[in-house]
Amino acid sequence: HTVKAPINQIPLFVKQGSIIPMRNYASSIEKGNNNILVLNIYPGDNGRFNLLEDDGTSNDYLMGIYASTIIELLNSSNKFTLTINAIEGSFEGMNISRKWILNIHCNESPNQIRMNRQEMKFTYNKVTKTAIVETSQQSVKQLLNFEVNY
């Protein structure tokens, strides 16, 4: 591939099927939280990510005190499914719910995005080629299944 990259820009290459979680900036682990998580989704292949969380301050994770959320991307020709599995495990101070924001990096706008069979509103930015969908607060113990159709 040839990529236009001016001297003052560094191109970023991301593999199809990647799931990259992010959260709001905080100056330290203790000052941040995972009340809102942003998932950058790069469809085109299957992918999987294991989101591991702990209290951020202790060494309790060494004793198995942490939580794990498996996020899976299943790609097909004209759609993909993103599954955010129910959280497993727990730790002190763990959120019982959170808001998810999906940034879906795609060359064309999806026709429809559904979460657990309910149609979701979304926006599509033609410049950044990103579809954005936001959930309300969702229980971390509930499986979320997103279906994105093109």
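Quick summary incoming for the structure in this document.

The rules behind each value
- Residues numbered from 1 in each chain as written.
- Predicted model: local features only at pLDDT ≥ 70, side-chain atom pairs only at ≥ 80, totals over all residues.
- Heavy atoms only, no water.
- Helix = DSSP H or I, 4+ residues; strand = E, 2+ residues; numbered from the N terminus.
- Buried < 20%, exposed > 50% of the residue type's maximum accessible area, 1.4 Å probe, protein only.
- Contact = heavy atoms within 4.5 Å.
- Areas by Shrake-Rupley, 256 points an atom, 1.4 Å probe, with all protein chains shown as cover.
- Salt bridge = Lys/Arg side-chain N within 4 Å of Asp/Glu carboxyl O.
- Pairing = 2+ DSSP bridges.
- Polar contact = N/O pair within 3.5 Å; in protein donor to acceptor, adjacent residues only side chain to side chain.
- Core = buried A, V, L, I, M, F, W, Y, C linked by side-chain atoms within 4.5 Å.
- Phe/Tyr/Trp six-rings, centres within 6.5 Å; stacked < 30°, edge-to-face > 60°.

Section: the overall build of the chain
Then, in step 1: When helices and strands are tallied, the chain shows 0 helices and 13 strands.
Then, in step 2: Tracing the chain from N to C terminus, the helices and strands come up as β-β-β-β-β-β-β-β-β-β-β-β-β.
Then, in step 3: Its C-alpha atoms give the chain principal-axis dimensions of roughly 45 × 45 × 25 Å.
Then, in step 4: Every one of the 150 residues in the chain was classed for burial, and the buried ones make up 35%.
Then, in step 5: Across the chain, every contact between residues at least 6 apart in sequence was considered, and the portion connecting residues at least 24 apart equals 61%.
Then, in step 6: Roughly 9,800 Å² of accessible area belongs to the chain as shown, and the carbon and sulfur atoms make up 50% of that amount.

Some words on the pattern of salt bridges
Then, in step 1: Tallied over the entire structure, the rule returns 5 salt bridges.
Then, in step 2: Here Glu147 and Arg114 are joined by a salt bridge, their closest N and O atoms 2.8 Å apart. Placement of Glu147 in strand E13 (residues 144-149) and of Arg114 in strand E8 (residues 112-115) is noted, with a sequence separation of 33 residues between them.
Then, in step 3: Overall, the relative accessible area of 18% leaves Glu147 in the buried class.
Then, in step 4: Classification of Arg114 as partly exposed rests on a relative accessible area of 26%.
Then, in step 5: Residues joined by salt bridges that share partners form a network here, namely Lys79, Arg114 and Glu147.

Here's the deal with the pairing of E13
Then, in step 1: For E13, the tally of buried residues reaches 5 of 6 residues, placing the bulk of the element in the interior.
Then, in step 2: In this sheet, E13 lies alongside strand E5 (residues 79-84) in antiparallel orientation, the contact comprising 6 bridges. Residue pairing across strands places Ile84 opposite Leu144, the latter belonging to E13.
Then, in step 3: Where E8 meets E13, 4 bridges bridge the pair, whose relative direction is antiparallel. Bridge pairing links Met115 to Phe146 in E13.

As for the pairing of strand E11 (residues 130-134)
Then, in step 1: Bridge analysis of strand E7 (residues 97-105) against E11 gives 5 bridges, and the strand direction is antiparallel. In the strand pairing of E11, Ile101 is matched with Glu134.
Then, in step 2: Note: strand E10 (residues 123-125) against E11, 3 bridges, orientation antiparallel. Pairing of Asn125 across the sheet is with Thr130, part of E11.
Then, in step 3: Between the antiparallel neighbours E10 and E11 lie 4 residues, among them Lys129 with a positive phi of about 55°.

A few points about the side chain of Asn149
Then, in step 1: By secondary structure assignment, the location of Asn149 is in strand E13.
Then, in step 2: A distance of 3.2 Å separates a polar atom in the side chain of Asn149 from a polar atom in the side chain of Glu147.
Then, in step 3: Sequence-distant contacts of Asn149, that is, excluding residues within four places in its chain, are made with Asn78, Lys79, Pro110, Asn111 and Gln112.

A look at the nonpolar core
Then, in step 1: Among the nonpolar cores identified, the biggest contains 22 residues, and Leu39, Ile41, Ile71, Leu82, Trp100, Leu102 and Ile104 are the most heavily contacted of them.
Then, in step 2: Beyond its immediate chain neighbours, meaning those up to four positions away, Leu82 contacts Ile19, Leu39, Ile41, Ile71, Glu72, Leu73, Leu102, Leu144, Asn145 and Phe146.
Then, in step 3: Within the second largest apolar cluster, 5 residues are counted, among which are Ala67, Ile87, Met94 and Val140.

What to know about the packing of aromatic side chains
Then, in step 1: Across all of its chains, the model carries 1 aromatic pair by this definition.
Then, in step 2: Ring centres of Phe80 and Tyr150 lie 6.5 Å apart, and the angle between their planes is 40°; on these two criteria the pair is classed as tilted. Of this pair, Phe80 sits in strand E5 while Tyr150 sits in the segment after E13, placing them 70 residues apart in sequence.
Then, in step 3: Of the residues examined, Tyr150 reaches a relative accessible area of 24% and is grouped as partly exposed.

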